[in-house]
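Commentary on secondary and tertiary structure
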There are 2 protein chains.
Amino acid sequence: MPLGCYLPYTRTLVGVKLSSFTLHSLPFNTFTSHLVPAMSTNQPGNGDSETPLRQPLLSSQRSIVNSTSQVAIVGVNVCPIESLDYEIFENEFFKQDWRSRGTAQIFQYLLTKWLLCFVVGMIVSIIGFCNNLAVENLAGIKFVITSNMMLEKRFQLAFFIFFVFNLGLTLFASLITALIAPTATGSGIPEVKAYLNGVDAPGIFTVPTLFVKIIGSITAVSSSLLIGKAGPMVHTGACVAALVGQGGSKRYGLTWKWLQFFKNDRDRRDLITCGSAAGMAAAFRAPVGGVLFALEEMASWWRSALLWRAFFTAAIVAILLRAFIDLCLSGKCGLFGKGGLIMFDAYSASIPYHFVDLPPVFILGVIGGILGSLFNLLLTKVLRIYSFINEKGTVFKVLLACVISIFTSCLLFGLPWLTSCRPCPPNPTEPCPTIGRSGIYKKFQCAPNQYNDLASLIFNTNDDAIRNLFSKNTDDEFEFTSMLIFFLSCFFLSIFSYGVVAPAGLFVPVIVTGASYGRVVGMLLGKNSSLNHGLFAVLGAASFLGGSMRTTVSLCVIILELTNNLLLLPVIMMVLFISKTVADAFNANIYDIIMKAKGLPYLETHAEPYMRQLTVGDVVTGPLLTFNGIEKVRNIVFILKTTGHNGFPVIDEPPISEAPVLFGIILRDHLLTLLKKKAFMSSPLAASFDVFNKFSSDDFAKKGGSSKVRLKIEDIQLSEEEMNMFIDLHPFTNASPYTVVETMSLGKALTLFRELGLRHLLVIPKISSRSPVVGILTRHDFMPEHILGLHPFLVRNTGKRSRFMGGCPKNLKLMEFDHSIMLEKKKDDDVAVEPTYPYL
Amino acid sequence: MPLGCYLPYTRTLVGVKLSSFTLHSLPFNTFTSHLVPAMSTNQPGNGDSETPLRQPLLSSQRSIVNSTSQVAIVGVNVCPIESLDYEIFENEFFKQDWRSRGTAQIFQYLLTKWLLCFVVGMIVSIIGFCNNLAVENLAGIKFVITSNMMLEKRFQLAFFIFFVFNLGLTLFASLITALIAPTATGSGIPEVKAYLNGVDAPGIFTVPTLFVKIIGSITAVSSSLLIGKAGPMVHTGACVAALVGQGGSKRYGLTWKWLQFFKNDRDRRDLITCGSAAGMAAAFRAPVGGVLFALEEMASWWRSALLWRAFFTAAIVAILLRAFIDLCLSGKCGLFGKGGLIMFDAYSASIPYHFVDLPPVFILGVIGGILGSLFNLLLTKVLRIYSFINEKGTVFKVLLACVISIFTSCLLFGLPWLTSCRPCPPNPTEPCPTIGRSGIYKKFQCAPNQYNDLASLIFNTNDDAIRNLFSKNTDDEFEFTSMLIFFLSCFFLSIFSYGVVAPAGLFVPVIVTGASYGRVVGMLLGKNSSLNHGLFAVLGAASFLGGSMRTTVSLCVIILELTNNLLLLPVIMMVLFISKTVADAFNANIYDIIMKAKGLPYLETHAEPYMRQLTVGDVVTGPLLTFNGIEKVRNIVFILKTTGHNGFPVIDEPPISEAPVLFGIILRDHLLTLLKKKAFMSSPLAASFDVFNKFSSDDFAKKGGSSKVRLKIEDIQLSEEEMNMFIDLHPFTNASPYTVVETMSLGKALTLFRELGLRHLLVIPKISSRSPVVGILTRHDFMPEHILGLHPFLVRNTGKRSRFMGGCPKNLKLMEFDHSIMLEKKKDDDVAVEPTYPYL
């Protein structure tokens, strides 16, 4: 009785515990003693309902080769993905190495850190500047030629040139993206965000991706597609950081010895965070906003030190961009002029607004929030449809892009004809009509001294359109119908354009749409509000951004930096807050939705309520593959060949210790290095310290870059004699792995796993008499889909997000709907999955 | 041989392991079985060199009563402090409670969170506004009266009035601070920062502290002492948040049922972070800067969700402040005028600066960094001297404040006489001389049509002085000698004024000093730089702030928000970066220095290098007090009475389990609640679920506020019969405590402890045959001083901060110097410390 009576406290909540467990089909005679048949506590009894592989929602591809990794859509292709490891790996070899480092090395490491940030900032600012220069000139030439044709009344030729120019650029962008680097598709923010959370998607930070991202973004934006350059710039910045931190490309034989201390996931993560901050800073010339965006939206782990480094990188970008623009003031930059780089300075005068203006602002925020969440919803639907098309092959991808380009060209050229011409104002602030690239009074088809207000917005680059919309004292220059048409066309064009196979951002389309929405509201209110329509445009952009992106602080700062008016701060804060709150009632932030749809296993900070009801033992699966402290080479080779696991517990067994004791955990990469360097012994004895001399710390450093350069077990050739030798794993085993007891609640284990950025979390038994390790938890084991797949009754019992909803049945339904899709899909999946679980 | 040969890998690094351990003098016969005599691995053998209690550097007081807590200087008094606990306590009772919560409760919790932020924002903005209003009017009246006397050439009377006014205000401020709430002394930022790191100093968030902080700050600032109001505003904001989150004061019988879910350290911490953001936002009318300051400087744990909530609070402050100023525009606010609230808008025009201007800016940054670190150094020295004076009693504290006030009055009134009068410019932008409170042309003793430039700076409120310094196109209005005198007097006055017993901030003095330093440099450069002196003042303020405070992003945003000119961004970023880098080579940020000197045990994120060389077993101490799963009431009462420990491991022993098994950890507060509610059983059997009905979740909620309202063991009266009964601790024990294996490296354990915000970390044995728990690690065990005290050879072997220094021998020396003080001091400390370690 005394023993049994406490079980309710520990195991009440998970009723079903099946005792049967699936046995692995490994040859037991080879290394029986190392295959600890730990209770596979929760494996469902019947073999055909294996715990499912996590799959992207968007895809329905079935030809998955790598059975030990998860898969996700990266860019447009389905790829296997791995986890990153932010734990400091403390084995005897590394400790020896750290101790041997002098002040010079530490100084070198510190200097490298800052130098890399400087280099990243420099490269990103150059790219950002060139990007703007190229877009302004490419799109500028196009508009100048077309306008000249229009002046000569040769409208059909104008349309043809416009059409061919756009189609050509889009075709080029989509071709290089689809053929050279499909990972460069889209904004890249979801992929980078997932990377910073610890998900390593292959190919997102390679040289081809970087080039395609830059060139593709320039051509795609110049082709008048309604897509932005901010997202691609963030990806570009991250990519530059990853490549610079890697010290060149090993594939191309370019490596740099100075960066040897930098080859680990932690430092790479920090540098990539700085890189994405620099990217955002360069895109909008908003350094503080860029830093905040990187920290608020991108990074999963923050530190004050990182904030400072990101700030430094962004400052370099800001200073260099200013210097470049100084150079351009002399007029050497072609059509770049002195504007360029978005509409910084557009709104520098002081605007009066008072307490009475708050109700319209409130309404603006509410509707903006609803529109933003609607935008997210529609965009997801469209992406799902596009995914079916993209899946059919490269030709279809490119065709889709071309169709969107043709459609956009027709719309942009056609719509201005719908509105009537307006006479120029008596005392225009700039020449009317403007026959150049920028300006508020586009002539289009109109007679002299008249202008087409819709063409001023639509037949322009996005940056110029935003500048026109944000301008004050232009309340009478646009007609309501024009603005409404512009708003609607932007709204739908941006939804349809994002999914094309080309680098494409969402920021600028959302700002354009939001600004036009704001003007529409301003016009509807008319004389009921004393605010001018330019301010309405700014607030509309803020509300739509808040409704779609949901970052608040960074958006606020970015908008302030764009408009250069700090007096707008309180009111922009209010709009953002309202629209985010409203939109959060409907769905998640657009990047999170896309990331989820792509199947990237993003780990949230908070534990779902049902995770508190489960223990670690309820999700950990077996059987577990472990190594002995001194292991036979043959066994190591066999396990590495037959599994894709990445971490293996090392256990000391009698006679090495009195009872089986967990010594630590060893990584696949390190085992491969040991095998490659052939640090073998003929008898199972402890290695002497001489073994350290065989290795340099660089041998064990985690290489960045593509998986192609990484060591593989297949590359290692061993003789029969070597196969019968032994390796002492102790000096290379992380002797301080983080552990949890199997009765630990899953929620608390998740907190530990997430906060410390782990890849493997060892589960040790509660009762000491059993084997020293029960299993390993990986990122996968904390995914809600995985847990709910193991414990289906939780799906019904707990409204997954009830913690956040607070009585919003609509949201609950949506979540349940999503889950049912996922669970059903997995049931009829005929993918052959190995019964053991990948340690990612 | 096979057994022994692995020891080098696990225990190589700490050579000395003493086997003797100090035994506790507890009556063993009472509960021998629960006193697990775990190996006190590293207790030095001789009893008189007990591991020392951490003590504040500033104090030399020896009358410490509470021997189970650490002590620190809070405000000006030495107080015992405790740790906070951010772990989610998962016992069966709480789980039951969570499960029983419906949507309504969750909604209530969410709504409360936001509502509290709203209320905090509202109250803080009202306080901030009233504070400004009061200061402007109090100081304004003083200056108006004095100026009128001066106009009548009655200089002695003018001085007398000025002198008496200042002395009276200072006396009042220091008296209420010293007598009512000594915790309100100083800026309060170090205390709040320590609180947010998990250090609970008593009395920092009480109603008297709040009132003294507000009133004291107003009077002290009005008394012309060179102290700021930003620091006190941050403390005020935090205090408001703490009091609001507490749901009124239990002491005064004001509690609010709605806040029941809010009574835990986590939610309180988040709200206080928001409160300090609001405080900073209100002080400078810089909402984004306030949020960033709270996150960069104050908070130890960040989340995106918290960022958003802090932003909301700051937005409320910004909006309401704007509304209040709208009200004041009609002129009802006396001398408040339309300026008030610091110099927002002072610098709104566009300033040209180019690449060639960078060298002077670079020099400015370097010297600013050196000056800033010198400021920190001198301030620390002065504070140490003041601490000796303050220690002598209230009279001395108040006297010190009066002396400083007299000295300041004499200086402020005397210095302007040193400079000669200057003729008014031919076409002044404002009346010259200005005979009111603000304005750039103070008449002082001068003839009509002349003004005294030094008086314009010195004989003014600090806000006005900053406004004058920041103004552009005033290059010719100040003389070099005046500016130099002003700079020097500000530099030393701010050092001598901060330590007085009154609420005093550092931000404003540092800005004033930095701005005058910037102007001095600008004047020295003369025609060699095209930048105007107002810009030099802004940059000088930035460099001095960067050199002293060392926060970068938030300072940058605050300065931008103060000057309302985003175009300054790149150059301010550069200055801040340079000055911070330079200053970091010399010493730490001023708040950290003060916090360290006060003895607040702040836990850093990073592990010191030597921590990687130690294992957890090397610092954990015993013997350990544990409870049985079903424990006799008498034993519980005895242990609670004889120790001050806060967490006790609960161990199931035979016959309840086969072998001793760690069940979890139980808190002192929860034990007290169990004793108070008398949930006893007559026989040692498991409790039924009925026991839950005796309690509500509120009984176990952690109360905020002063320790006076907390339950104490002395308050609980039990009969002899009750003493012999039993309690089943299982349902109330946290069954998911975080654990580390004793061979875990100390550095990694620190990471775990710090990232998860723990108060207790259980250490479990490596070899399963021993007792199930080796010891408990608390905040104290991770303090460098404690570890270095246990392992003195580390002090010599490892330059403590070598990781950060990169070959800066000066820093190393400084650190060693500091340590030697600390260690020596402890050696001759005759404080009676209990041999067991407090679980804080």
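Small disclaimer: the values here were computed from a predicted structure and weren't measured. (Residues numbered from 1 in each chain as written. Chains lettered and ligands numbered in written order. Predicted model: local features only at pLDDT ≥ 70, side-chain atom pairs only at ≥ 80, totals over all residues. Heavy atoms only, no water.)

Further remarks concern the overall build of chain A. When helices and strands are counted, chain A shows 30 helices and 15 strands. When each of the 840 residues of chain A is scored for burial, the buried share is 65%. Taking the intrachain contacts of chain A between residues at least 6 apart in sequence as the baseline, contacts between residues at least 24 apart amount to 78%. (Helix = DSSP H or I, 4+ residues; strand = E, 2+ residues; numbered from the N terminus. Buried < 20%, exposed > 50% of the residue type's maximum accessible area, 1.4 Å probe, protein only. Contact = heavy atoms within 4.5 Å.)

With that settled, consider helix α12 (residues 358–391) of chain A. Between its first and last C-alpha, α12 of chain A extends 48 Å over 34 residues, near the 50 Å set by a 1.5 Å rise per residue. Directly after α12 of chain A, the chain includes G393 of chain A, whose backbone phi takes a positive value near 135°. (Expected span 1.5 Å × (residues − 1).)

Before going further, it helps to spend a moment on the sheet that holds strand β10 (residues 647–652) of chain A. All names here are of chain A. Pairing is mixed in the open sheet, where three strands are placed in the order β8-β10-β11. Single-partner strands in this sheet number two, and they are β8 (627–628) and β11 (661–667). As paired elements, β8 and β10 share two bridges and run parallel to each other. Directly across from N628, in β10, lies its bridge partner I651. On top of the sheet, helix α23 (residues 668–677) reaches β8, β10 and β11; it is set at about 80° to β11, its chief contact. (Pairing = 2+ DSSP bridges. Axes fitted to C-alpha atoms, helices over the stretch in contact; angles between N-to-C directions.)

The subject of this paragraph is the side chain of H760 of chain B. Residue and element names in this part refer to chain B. Checked against the element boundaries, H760 lands in the loop between α26 (746–756) and β14 (761–764). On the basis of relative accessibility, which here comes to 6%, the residue H760 falls in the buried class. A distance of 3.4 Å separates a polar side-chain atom of H760 from the backbone nitrogen of G647. (Polar contact = N/O pair within 3.5 Å; in protein donor to acceptor, adjacent residues only side chain to side chain.)

On to the pattern of salt bridges. In the structure shown here, the tally under the stated rule is 38 salt bridges over all chains. The salt bridge partner of E87 of chain A is K748 of chain B, with a shortest N-O separation of 2.6 Å. Taken together, the positions of E87 of chain A in the loop between β3 (77–83) and α3 (92–100) and K748 of chain B in helix α26 put the pair across two chains. The buried category is assigned to E87 of chain A, whose relative accessible area is 13%. Owing to a relative accessible area of 2%, K748 of chain B belongs among the buried residues under this scheme. A salt bridge links E82 of chain B to R759 of chain B; the shortest N-O distance between them is 3.2 Å. Highlighted residues: E82 of chain B in strand β3 (residues 77–83) and R759 of chain B in the loop between α26 and β14, separated in sequence by 677 residues. Counted as one network, the salt bridges with shared partners bring together R269, D270, R303 and R309 of chain A. (Salt bridge = Lys/Arg side-chain N within 4 Å of Asp/Glu carboxyl O.)

Enumeration over the complete set of coordinates arrives at two disulfides over all chains. Sulfur-sulfur distance for the disulfide between C421 of chain A and C446 of chain A comes to 2.0 Å. In this structure, the disulfide formed by C421 of chain A and C446 of chain A twists by about -90° around the S-S bond and is classed as left-handed. Of the two residues, C421 of chain A sits in the loop between α13 (394–414) and β5 (422–423) while C446 of chain A sits in the loop between β5 and β6 (450–451), which places them 25 residues apart along the sequence. The exposure class of C421 of chain A is partly exposed, given its relative accessible area of 23%. The buried category is assigned to C446 of chain A, whose relative accessible area is 1%. The structure places no disulfide on C402 of chain A, whose sulfur is separated from the nearest cysteine sulfur, that of C410 of chain A, by 13 Å. For C402 of chain A, a relative accessible area of 12% puts it in the buried group. Take C556 of chain B: it sits in no disulfide, and the sulfur closest to it among the cysteines is that of C556 of chain A, at 15 Å. (Disulfide = S-S within 2.5 Å.)

The subject of this paragraph is the environment of D357 of chain B. All names here are of chain B. Summarising the element assignment, D357 is placed in the loop between α11 (304–328) and α12 (358–391). Along the primary structure D357 and L729 are separated by 372 residues, whereas in three dimensions their C-alpha atoms are 71 Å apart. If we ignore the near neighbours within four places in the chain, the residues touching D357 are S530 and L531.

Core analysis: the biggest nonpolar cluster contains 338 residues, and F284, F507 and I572 of chain A together with F284, F507 and I572 of chain B have the highest contact counts within it. When residues no more than four places from it in sequence are discounted, the contact partners of F507 of chain B are A230, M280, F284, F293, L545, M549, L555 and Y591 of chain B. Within the second largest apolar cluster, 56 residues are counted, among which are F753 and I787 of chain A together with A607 and A749 of chain B. (Core = buried A, V, L, I, M, F, W, Y, C linked by side-chain atoms within 4.5 Å.)

With that settled, the discussion passes to the packing of helix α17 (residues 507–525) of chain B against helix α18 (residues 533–548) of chain B. Residues and elements named next belong to chain B. α18 packs onto α17 with a crossing angle of 130° between their chain directions and a minimal axis gap of 6 Å. Between α17 and α18, the angle falls in the class oblique. Where α17 crosses over α18, the two elements pack in a sense that is right-handed. Its residues assigned to classes, the contact of α17 with α18 comprises 13 nonpolar, nine polar and one charged. (Parallel < 35°, antiparallel > 145°, perpendicular 65-115°, else oblique. Left-handed = near helix turned anticlockwise from the far one by under 90°. Nonpolar A, V, L, I, M, F, W, Y, C, P; charged D, E, K, R; others polar.)

So, on to the pairing of β3 of chain A. Residues and elements named next belong to chain A. Two strands pair when backbone bridges link them, and strand β2 (residues 70–74) and β3 are joined in this way by five bridges, in the antiparallel orientation. Bridging across to β3, V74 finds its partner in N77. The hairpin formed by β2 and β3 contains two residues between the paired strands, and G75 there has a positive phi angle of roughly 70°. Across two bridges, β3 lies against strand β4 (residues 199–200) in antiparallel orientation. Bridge pairing links S83 to V199 in β4.

This part takes up the pairing of β14 of chain B. Residues and elements named next belong to chain B. Of the two faces of β14, both are covered, the one formed by L761 and V763 as well as the one formed by L762 and I764. In the sheet, strand β13 (residues 739–741) pairs with β14 via three bridges, with the strands oriented parallel. Paired with V740 across the two strands is V763, which belongs to β14. Pairing of β14 with strand β15 (residues 775–777) involves three bridges; the strand directions are antiparallel. Within the sheet, the bridge partner assigned to L762 lies in β15 and is I776.

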